[in-house]
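Chain by chain, the residues:
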Amino acid sequence: MTQPRDFAGYAGHPPAMRWPNGAGLAVSIVVNVEEGAELSLSAGDESNEHIYEAVERVEGQPDLCMESHFEYGPRAGWPRIREALRSRKVPATLNACGRALEATPWIAQQAVEDGHEIAAHGWRWERHVHMDEQTERRAIARAVAAIERSAGTPPLGWHTRSATSSRTRDLLIEQGGFLYDSNAYNDDIPYVVDTGHGPHVVLPYAFDTNDMRYYNNGGFVFAEDFARYCIAGFDRLLQEADDAPRMLSIGLHTRIIGRPARIAGLEAFLDHVLAHENVWLATRADIAHAWRKAIGLPDWQPRPCPETFATDSPT
């Protein structure tokens, strides 16, 4: 099934709206929690994850080296990121894989305690593009159930690892509990798609203002590289926000920006943002709610998940 493409977007005429407190720019800090959800023979998966700072495949046996790399995020990276956010009173959205939170439930508990949002990043850290429909339904249901167990409430947002299937958004809408998804990279502000259940908000994400660029020749080496690039994006969008609404997404990973030589880049960026006015730091759920309100849509309400959505998924 091929979905129609939209190259025009707002065609240079976005809605004339302001974020809460009259801000022109909304800044969304996203912490991806994937550790424990990466593919691993030790976890009963069909293969091992092979993408890290080095790309290396280990087949037929558990990759203990790769598992150890991923363990760094919860053990050492998350505490640094948590403190950088908490000490500055900056709200964030945790894009969390369900299986990751089952392995590290304290991360969800600490995030909720700090006032952050827990959104869904899949069950495993995997692409959905080649899943059959029933497999994808189970993955969505398992992710929602695991996050609700860990965080106390179900997720309102969803972001698939890069490649969604052609039916992912339709399944999220059918499930009934998703205020928004971030399965797009095509704009600097939210937009709405029409569905059989009413308008659905899409919050585009970004791979450039993202610590993933420390990997695989992405261009970041020093902490200053991350800070300079993200600050440049922030400054430009803040300037444009005098005339039209803008949104900036900053992507983080506990095992990447949480390294001791990199965390200062996040701290420098946050301090730069906090020194400016006309800015609203918010969770993605708050941004989606605010967008609906600003363009005149009714308050979003979840719908009960159909009992037949994924009948063989775990409860």
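As a convention, each chain's residues are numbered from 1 in the sequence order in which they are written. Where local features are concerned, this predicted model is filtered to residues with pLDDT of at least 70; where side-chain atom pairs are given and counted, the filter is 80 or more; whole-chain, interface and lining totals use all residues. Note: side-chain values were computed over all heavy atoms of the structure, leaving out hydrogens and water.

A. A look at the overall build of the protein chain. For the protein chain, the helix and strand inventory stands at 8 helices and 9 strands. Throughout, radius of gyration means the C-alpha value; the globule benchmark is 2.2 Å times the number of residues raised to the power 0.38. Its C-alpha atoms give the protein chain a radius of gyration of 19 Å, near enough to 20 Å, the size a compact globule of 315 residues would have. With the C-alpha coordinates aligned to their principal axes, the bounding extent of the protein chain is approximately 55 × 50 × 35 Å. Contacts are assigned to residue pairs with any non-hydrogen atoms lying within 4.5 Å of each other. The long-range fraction of contacts in the protein chain, counting pairs at least 24 apart against all pairs at least 6 apart in sequence, stands at 72%. Carbon together with sulfur atoms contributes 50% to the accessible area of the protein chain, which is approximately 14500 Å² in total. Secondary structure follows DSSP: runs of H or I at least 4 residues long count as helices, runs of E at least 2 residues long count as strands, and numbering of each begins at the N terminus. Calculation of accessible area relied on Shrake-Rupley with a 1.4 Å probe; when residues are assessed, cover is drawn exclusively from the protein chains displayed.

B. Quick peek at the environment of Gln110. For Gln110, the location among the structural elements is in helix α3 (residues 105–113). Using a 1.4 Å probe on the protein chains alone, a residue whose accessible area is under 20% of its type maximum counts as buried, one over 50% counts as exposed, and one in between counts as partly exposed. Assessed through its relative accessible area of 22%, Gln110 is described here as partly exposed. Between the alpha carbons of Gln110 and Pro79 there is a distance of 9.9 Å; along the sequence they are 31 residues apart. The contact partners of Gln110, leaving out residues within four places of it in the chain, are Trp78 and Arg82.

C. Quick peek at the environment of Arg99. With respect to the helices, strands and loops of the structure, Arg99 is situated in helix α2 (residues 98–103). On the basis of relative accessibility, which here comes to 11%, the residue Arg99 falls in the buried class. As a C-alpha pair, Arg99 and Ala120 span 21 residues in sequence and 11 Å in three-dimensional space. Apart from the residues lying within four places of it in its own chain, the contact partners of Arg99 are Gly36, Ala37, Glu38, Leu39, Ala43, Asp45, Trp123 and Arg124.

D. Main features of the nonpolar core. We define the nonpolar core as a collection of buried residues of types Ala, Val, Leu, Ile, Met, Phe, Trp, Tyr and Cys that are connected through side-chain atoms lying within 4.5 Å of one another. Core analysis: the biggest nonpolar cluster contains 63 residues, and Ile29, Val31, Phe226, Leu266 and Phe269 have the highest contact counts within it. With 8 residues, helix α4 (residues 133–151) is the largest single contributor of residues to this core. Residue contacts for Val31: discarding those within four places in its chain leaves Trp78, Ile81, Leu85, Ala92, Thr93, Leu94, Asn95, Leu252 and Thr254. Judged by nonpolar contacts, the second largest core, of 19 residues, contains Ala23, Leu179, Val201 and Trp291.

E. Main features of helix α5 (residues 168–175). Summarising burial for α5: 6 of the 8 residues are buried, a large majority. Residues of α5 that are buried sit in contact with α4, β4 (157–158), β5 (180–181), β6 (191–195) and β7 (198–202).

F. Highlighting helix α1 (residues 64–86). Between its first and last C-alpha, α1 extends 33 Å over 23 residues, near the 33 Å set by a 1.5 Å rise per residue. Within α1, burial applies to Met66, Glu67, Phe70, Tyr72, Gly73, Pro74, Gly77, Trp78, Ile81, Arg82, Ala84 and Leu85. Buried residues in α1 make contact with β1 (25–33), β2 (93–96), α3, β8 (246–253) and α7 (263–274). Here, expected helix span is obtained from the residue count minus one, scaled by 1.5 Å.

G. Geometry of the packing of aromatic side chains. Think of it this way: a Phe, Tyr or Trp ring, Trp meaning its six-membered ring, pairs with another when their centres are within 6.5 Å, and the plane angle makes it stacked under 30 degrees, edge-to-face over 60, tilted otherwise. One pass over the structure, following the stated rule, counts 12 aromatic pairs. Note on Tyr185 and Phe207: the rings are 4.8 Å apart at their centroids and 55 degrees apart in plane angle, and the pair reads as tilted. With a gap of 22 residues between them, Tyr185 in the loop between β5 and β6 and Phe207 in the loop between β7 and α6 (223–240) connect regions that are remote in the sequence. Since its relative accessible area comes to 34%, Phe207 is described here as partly exposed. An aromatic cluster is defined as three or more aromatic residues linked by ring pairs; in this entry it consists of Tyr10, Trp19, Trp280 and Trp291. Whether a charge lies above a ring is judged from NZ of Lys or CZ of Arg, which has to be within 6 Å of the ring centre and within 35 degrees of the ring normal. The side chain of Arg137 reaches across the aromatic face of Phe309, ending 5.1 Å from its centre. The cationic tip of Arg255 hangs over the ring face of Trp125; the distance from NZ or CZ to the ring centre is 5.0 Å.

H. Inspection of the pattern of salt bridges at higher detail. Criterion for a salt bridge: a side-chain nitrogen of Lys or Arg within 4 Å of a carboxyl oxygen of Asp or Glu. Counted according to the given criterion, the structure contains 16 salt bridges. Across the pair Glu102 and Arg149 runs a salt bridge whose closest N-O atoms are separated by 2.5 Å. Pair noted here: Glu102 is in helix α2 and Arg149 is in helix α4, with a separation of 47 residues, a long-range link. Exposure remark for Arg149: the relative accessible area of 49% places this residue in the partly exposed category. Among the charged side chains, a salt-bridge network with shared partners connects Glu34, Glu35 and Arg255.

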